[in-house]
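# Descriptive analysis of the structure
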Amino acid sequence: MDFFSVSKLFWILADPGNFLVLLIVLGLLLQFVPRVRTAGVVVTGLGAVGMVLVFLLPIGLWLLAPLENRFPVPRLPERVDGIVVLGGVTRNDVSAARGTPQLQLGAERLTKATQLANEYPAAKIVIAGGSGEIDPEGSPEAVLMREVMVDLGVNPERILLDDKSRNTYENAVEAKRVADPKPGEIWLLVTSAYQMPRAVGAFRKVGFDVVPYPVDFRTPAEHRRHLDHLLSRLATGEKEWIGLLAYYLTDKTSALFPKP
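This text gives an overview of the structure that appears in the document. (Residues numbered from 1 in each chain as written. Predicted model: local features only at pLDDT ≥ 70, side-chain atom pairs only at ≥ 80, totals over all residues. Heavy atoms only, no water.)

Time to look at the overall build of the chain. Within the chain, the regular secondary structure consists of 10 helices and 5 strands. Against the globule reference of 18 Å for 260 residues, the chain gives a C-alpha radius of gyration of 20 Å, in line with a compact fold. Judged by the C-alpha coordinates and their principal axes, the chain covers about 70 × 40 × 40 Å. Each of the 260 residues in the chain was classed as buried or not, and the buried ones make up 45%. For the chain, the share of sequence-separated contacts (at least 6 apart) that also reach a separation of at least 24 residues comes to 74%. One finds the centroid of the 28 positive side-chain charges in the chain at a distance of 5 Å from the centroid of its 28 negative side-chain charges. (Helix = DSSP H or I, 4+ residues; strand = E, 2+ residues; numbered from the N terminus. Rg over C-alpha atoms; globule rule 2.2 N^0.38 Å. Buried < 20%, exposed > 50% of the residue type's maximum accessible area, 1.4 Å probe, protein only. Contact = heavy atoms within 4.5 Å. Lys, Arg positive; Asp, Glu negative; His and termini not counted. Charge placed at Lys NZ, Arg CZ, Asp CG, Glu CD.)

Attention now moves to the packing of aromatic side chains. Aromatic ring pairs are reported here in terms of the distance separating the ring centres and the angle at which the planes meet. The tally for this structure, following the rule as stated, stands at 5 aromatic pairs. An angle of 50 degrees between the planes, with centres 5.2 Å apart, marks the rings of W241 and F257 as tilted. One end of the pair, W241, is in helix α10 (residues 227–249); the other, F257, is in the segment after α10, with 16 residues separating them in the sequence. With a relative accessible area of 29%, W241 lands in the partly exposed category. Over the face of the ring belonging to F3 we find K252, whose NZ or CZ atom lies 4.2 Å from the ring centre. Above the ring of Y169, the side-chain terminus of K252 is found at 5.7 Å from the ring centroid. (Phe/Tyr/Trp six-rings, centres within 6.5 Å; stacked < 30°, edge-to-face > 60°. Lys NZ or Arg CZ within 6 Å of the ring centre and 35° of its normal.)

The next thing to look at is the pairing of strand β2 (residues 124–128). Taken across its 5 residues, β2 has 4 buried, putting it largely inside the fold. Here strand β1 (residues 82–86) pairs with β2 via 5 bridges, running parallel. The residue bridging V84 from the neighbouring strand is V126, located in β2. (Pairing = 2+ DSSP bridges.)

Attention shifts here to the packing of helix α4 (residues 59–69) against α10. Across the interface, α4 lies against α10 with an axial gap of 8 Å and an inter-helix angle of 45 degrees. By the criterion of interaxial angle, the relationship of α4 to α10 is oblique. Crossing angle aside, the handedness with which α4 passes α10 is left-handed. When α4 is examined against α10, the residues I59, G60, L61, L63, L64, P66 and L67 are found in contact with a partner set consisting of R233, L234, T236, G237, E238, E240, W241 and L244. (Axes fitted to C-alpha atoms, helices over the stretch in contact; angles between N-to-C directions. Parallel < 35°, antiparallel > 145°, perpendicular 65-115°, else oblique. Left-handed = near helix turned anticlockwise from the far one by under 90°.)

This next bit is on the nonpolar core. Residues I83, I125, I127, M149 and V190 are the most contacted members of the largest nonpolar core, which totals 22 residues. Among the elements of the structure, β1, α6 (108–119), β2, α7 (141–151), β4 (187–192) and β5 (211–215) are those that each provide at least two residues to this core. Among residues more than four places away in sequence, those in contact with I127 are V85, A142, M145, R146, M149, I159, L160, L161 and D162. If you look at the next biggest cluster of nonpolar residues, it comprises 20 residues, including M196, V200, F203 and V206. (Core = buried A, V, L, I, M, F, W, Y, C linked by side-chain atoms within 4.5 Å.)

Moving on to the environment of A113. Relative to the helices and strands, A113 resides in helix α6. A residue is classified by how much of its surface remains accessible, and A113, at 0% relative accessible area, is buried. Along the backbone, A113 and M149 are 36 residues apart, and their C-alpha atoms lie at a distance of 8.7 Å. Look past the residues within four positions of A113 in its chain and what remains in contact with it is I83, V85, E108, M149 and V190.

Take the packing of helix α8 (residues 168–179) against helix α9 (residues 196–205) next. At a closest axis distance of 8 Å, the pairing of α8 and α9 adopts a crossing angle of 40 degrees. Accordingly, the angle class assigned to the pair α8 and α9 is oblique. Crossing angle aside, the handedness with which α8 passes α9 is right-handed. Facing α8, whose interface residues are T168, Y169, N171, A172 and A175, α9 presents R198, A199, A202, F203 and K205. Looking at the contact of α8 with α9, its residues break down into 6 nonpolar, 2 polar and 2 charged. (Nonpolar A, V, L, I, M, F, W, Y, C, P; charged D, E, K, R; others polar.)

Written out as structure tokens, the structure is:
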């Protein structure tokens, strides 16, 4: 099983919402077994306490803030030769069912890349994104994103596609192959601020020098006590920190926590 498949299966269990519910359910089941009833009570209690802590404390914001603050929005240069925008902004399954691209949280990656494309009309545009699912449905994300950019007025002849990559490291590998950057060229990398450290590390690892342009900031923000919202924010931060460590241990990044 390759790195991509292992990471996806691992995240099904590591997702904080899934993990806490599994703890509670496992604990309840253990309480039906006399020999481990006490352990079951403890496990159930851990899951319940975890839910309460997520509700009371801004843990997700604590995890996201250092990621988002790592790379500031840069002052734009006079010349830009190319723009790379990473996927993660469309719902491929819903898009396939509805017959039109459907955007989700994180769509600022696409709207900001379109704005930058208009500001630099000579720049090439690379859209990096196949599908992040083990069993993908519908068109690759890069195809859907190109359709949106063209609808917003970008000349399709400027757009190059990586429709094969499945994660951030593969984004870097395939984007470099498609872009074929030349020495001295200036390329912007557009993705969500929380993902930028891992993305920059991957691009540096494959030798693609980019100027980070973070978007889609989630912090600072009010700690709103809606459990689904809090778990989603926590999951985003947890996933990135685990991703940074996994990329470092598997030699897919230039540093554990890349810096400007």
